[in-house]
Amino acid sequence: MKNDKRPNMKIIGNNSASGGHYNDVKMVGNGAIKGDLDCVTLKSVGDSRVEGKLKAGTVKVIGSIHVGKAAADDIRVTGELSIDGDFRAGRCHLRGRIT
């Protein structure tokens, strides 16, 4: 379900970016999205934050991620998933903990 009109985004190191609509989002290190994030795929290695709502097709996390609210078709976390609000997933595979 890729949308070629959406840009891709990479956050590497200790960095942040604005929320928005993206195809593939990759975060490596200590990254933050400031605002709502709507993406086809989110891959994160390290410590990540989405300071708003996360809506994604596929989410893969190794490390930790903190989100305001989350909705995903498929979410896979090895580490920690921390959610402030509502959480909805078609499929969730977690090796670690959810708070």
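Preceding block: the structure.
Cut-offs applied
- Residues numbered from 1 in each chain as written.
- Predicted model: local features only at pLDDT ≥ 70, side-chain atom pairs only at ≥ 80, totals over all residues.
- Heavy atoms only, no water.
- Helix = DSSP H or I, 4+ residues; strand = E, 2+ residues; numbered from the N terminus.
- Rg over C-alpha atoms; globule rule 2.2 N^0.38 Å.
- Buried < 20%, exposed > 50% of the residue type's maximum accessible area, 1.4 Å probe, protein only.
- Contact = heavy atoms within 4.5 Å.
- Areas by Shrake-Rupley, 256 points an atom, 1.4 Å probe, with all protein chains shown as cover.
- Lys, Arg positive; Asp, Glu negative; His and termini not counted.
- Charge placed at Lys NZ, Arg CZ, Asp CG, Glu CD.
- Patch = residues over 30% accessible without salt bridge, like charges linked within 9 Å, V, L, I, M, F, W, Y side chains within 5 Å.
- Salt bridge = Lys/Arg side-chain N within 4 Å of Asp/Glu carboxyl O.
- Core = buried A, V, L, I, M, F, W, Y, C linked by side-chain atoms within 4.5 Å.
- Polar contact = N/O pair within 3.5 Å; in protein donor to acceptor, adjacent residues only side chain to side chain.

### Notes on the overall build of the protein
Consideration 1: Looking only at helices and strands, the protein has zero helices and two strands in total.
Consideration 2: For 99 residues, the compact-globule formula gives about 13 Å, and the C-alpha radius of gyration of the protein, at 12 Å, lands near that figure.
Consideration 3: Counting over 99 residues, the protein shows a buried share of 39%.
Consideration 4: Within the protein, contacts between residues at least 6 apart in sequence are counted, and of these 3% link residues at least 24 apart.
Consideration 5: Just so you have it, the protein exposes about 5600 Å², and 48% of that area is on carbon and sulfur atoms.
Consideration 6: Across the protein, the mean location of the 17 positive side-chain charges is 4 Å away from that of the 11 negative side-chain charges.

### Focus: a nonpolar patch on the surface
Consideration 1: A cluster of nonpolar residues, Ile12, Val28, Val45 and Ile62, forms a patch on the protein surface that exposes about 370 Å² of accessible area.
Consideration 2: You can see valine 45 is positioned in strand β1 (residues 9–83).
Consideration 3: Valine 45 sits in the partly exposed class, given a relative accessible area of 44%.

### Here we look at the pattern of salt bridges
Pairs may arise between side chains of opposite charge once their charged atoms sit close together.
Consideration 1: For the structure shown, the criterion picks out five salt bridges.
Consideration 2: With a shortest N-O distance of 3.5 Å, arginine 76 and aspartate 74 are connected by a salt bridge.
Consideration 3: Judged by its relative accessible area of 35%, arginine 76 falls in the partly exposed class.
Consideration 4: Exposure remark for aspartate 74: the relative accessible area of 11% places this residue in the buried category.

### Regarding the environment of asparagine 15
Consideration 1: With respect to the helices and strands, asparagine 15 occurs in strand β1.
Consideration 2: Using a relative accessible area of 44% as the deciding quantity, one classes asparagine 15 as partly exposed.
Consideration 3: Along the chain, asparagine 15 and alanine 32 lie 17 residues apart, while their C-alpha atoms are 6.6 Å from each other.
Consideration 4: Sequence-distant contacts of asparagine 15, defined by excluding residues within four places in its chain, comprise Asn30, Gly31 and Ala32.

### As for the nonpolar core
Consideration 1: Formed by 22 residues in total, the largest nonpolar core has its most connected members in Val25, Leu37, Cys39, Leu42, Leu54 and Val59.
Consideration 2: Leucine 37 has contacts with Gly20, Tyr22, Val25, Leu42, Val50, Lys53, Leu54 and Lys55, leaving out every residue within four places of it along the chain.

### A word on the environment of threonine 99
Consideration 1: Mapped onto the elements, threonine 99 comes out in the segment after β2 (87–98).
Consideration 2: Of the residues examined, threonine 99 reaches a relative accessible area of 46% and is grouped as partly exposed.
Consideration 3: Residues threonine 99 and histidine 66, 33 residues apart in the sequence, show an inter-C-alpha distance of 9.2 Å.
Consideration 4: Polar contacts involving the side chain of threonine 99 include one to the side chain of serine 82, which spans 3.4 Å.

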